Structure formats: C-alpha cells, structure tokens
Amino acid sequence: MSSHHHQVPALLLAAGRGERMRPLTDATPKPLLQVQGQPLLQWHLAALCEAGVDQVVINTAWLGSQISDYFSDVFGRYRATGKPEQLSISYSHEGVDFGGALETAGGIARALPRLGPVFWLAAGDVFAPDFLFDSAAVAAFEASDHLAHLWLVPNPAHNLRGDFGLSADGLALNLPADDPAPRYTYSTIALLRAELFALPWCDIPPGNPGGIKAPLAPLLRRAMDNGRVSAQLYTGRWTDVGTPERLAELNTLSSDPLP
C-alpha cells in the first residue's frame, strides 16, 4: 500500500487530437473515451487519489472544455476507511491560450509554475489500471541526482523496436540505432524534475509564455547521455489506447475495479 507521508503533484497530458482514434475523437476528446465504464483519464485520477496525491494539473487543447466541464476542479473518492480523499484539479488550456497543443515538453514547460520541483507525469490516453503512483518511488527519486525516472514496458506490437535501453544498474539508455541491446517502450509514466526544463537541457523560457511547441524525447535523450535518467521495467497491464481497435479490445475484457 502506498504510504501517504509525502507526495508530489501530477501532470496528466490530455491535449492531443487523437487523429488515429477518429471518428471517435471528432466530438469527444480521447481522455474522455470510456474504458470499462469510466473515462480513460478517470483511471489515472482515481489511482493518484488513492496514492495520496492531492494536486493535479491537466493540460488540454482539442475539445479541452469538455474535459474541464466533466472533471471540474475537484476529484474525490471514499477510501475503504470511509475517509474522503480529494484531488484538486487545475487546467492548462493550451488550445485556449495558443490555439493548439504544445507537444509534451512545451506543455510541461507551460504547466511547470503549478507543479513544483518534482512531479508525476502520465499521458491521459494510456490505460494502466495496476500502476501505483507510489510515494516510495518519489522519495527514492528525490534522493537521487536524476532528472527523470521512467517506467518502461515490454514492447507492444505497434512499437516493436522500443524506445530506450535499460542498464543493469537501472539507468535509461539512449542507444544508437544499430545497437543490438534490447530496448523497451516508454510507458508515458514518469517522475520528473522541473530542472529538466531549464538550461542546459531545455531552452524554453519558464512558463513557456510564447507557446513554443517541443517534444520530450530529445530532452530525455540529452539527460540519458549524461547518466541522469533512471528507469525500471513495469509489467502490469498497460495499453496505449491509440486506435479504435485497441479501445474496443479493452472494452471486451473484464477488469477488477481499483481498490
């Protein structure tokens, strides 16, 4: 069970258009598509709440007002003890502010002033119902000098080459293209330091006032080349809900509700 003594805020990425999910995403943002009876994004919110996280930022662009209308500014649930737990939600509306999504690093940089020095990151279109946003992982990360800690997963059929290597001592590796060593897929779940979004790793000004679009992978690779990114393999249920077929497949499976 995750101990509740120390947690950090979380950023949930929910700004994407979901092109491959069309026509399902023409009128509904992907994070609100239902998986086993509740919106995809709600699985993460419930898990964060259960882990004692009390503050989450959600970035939006495509149909973003539907997301903030649906979840509003508080997410609550009752634990088995009958004690209510509440998650305070704020929004970084990239679509409203800049006319579209800022990509992952741009979106994180934009939301950074609300997040603090260390924070959880997860993509709103990933289904990982067994994942624990564990405060012990936060403590270990804070005690390290790493800029990021990534959860990697075995490669799914749609990403057989994988993304990053993993050393025996738990470092994520930016392997050259011809390196035969195994690679794993980045789950989109991570612990990050705000420091990664400043020089020398990233040149976006604090808070990204200009709405610069930038991907996350180049920052991670730069930090990996300096031995500053740790990682571990996660083998619980995990699906990148990227196509209508994958969504339909998830909805034919039964799932135990989160504890």
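Look a little higher up for the structure.
Since this is a predicted model, take the numbers as computed values, not measurements. (Residues numbered from 1 in each chain as written. Predicted model: local features only at pLDDT ≥ 70, side-chain atom pairs only at ≥ 80, totals over all residues. Heavy atoms only, no water.)

> In this structure, what is going on with the pairing of strand β12 (residues 185–193)? I would like to understand it.
It is a general feature of regular strands that their side chains alternate between the two faces of the sheet. The buried count for β12 comes to 9 of 9 residues, which makes it a mostly enclosed element. Of the strand pairs in this sheet, strand β9 (residues 148–153) and β12 are connected by 5 bridges, and their pairing is antiparallel. Within β12, the residue paired with His149 across the bridge is Leu191. (Buried < 20%, exposed > 50% of the residue type's maximum accessible area, 1.4 Å probe, protein only. Helix = DSSP H or I, 4+ residues; strand = E, 2+ residues; numbered from the N terminus. Pairing = 2+ DSSP bridges.)

> Would you take a moment to explain unusual backbone geometry for this structure?
Among all residues save glycine, negative phi is the norm, and among peptide bonds the norm is trans. The omega torsion of the bond from Arg22 to Pro23 falls at 5 degrees, within 30 degrees of zero and hence cis. Looking at where Pro23 falls in the secondary structure, it is placed in the loop between β1 (10–14) and β2 (34–35). Between Leu199 and Pro200 the backbone carries a cis peptide bond, its omega angle lying at 5 degrees. Its place among the elements puts Pro200 in the loop between β12 and α6 (217–225). One non-glycine residue, Gln36, lies in positive phi territory at about 50 degrees.

> I'm lost on the pattern of salt bridges in this one. Help?
If charged atoms from side chains of opposite charge come close, those side chains can pair. For the coordinates displayed, the defined rule picks out 8 salt bridges. Lys30 is paired through a salt bridge with Asp125; the nearest N and O atoms lie 3.0 Å apart. Separated by 95 residues along the polypeptide, Lys30 in the loop between β1 and β2 and Asp125 in the loop between β7 (118–123) and β8 (126–127) bring together distant segments of the chain. Among the residues examined, Lys30 registers a relative accessible area of 7% and is labelled buried. Salt-bridge contacts for Arg228 lead to Glu195; the nearest nitrogen and oxygen are separated by 3.7 Å. Of this pair, Arg228 sits in the loop between α6 and β13 (229–233) while Glu195 sits in the loop between β12 and α6, and the two are 33 residues apart along the sequence. Taken together, the shared-partner salt bridges connect Arg17, Glu19, Arg22 and Asp26 into one network. (Salt bridge = Lys/Arg side-chain N within 4 Å of Asp/Glu carboxyl O.)

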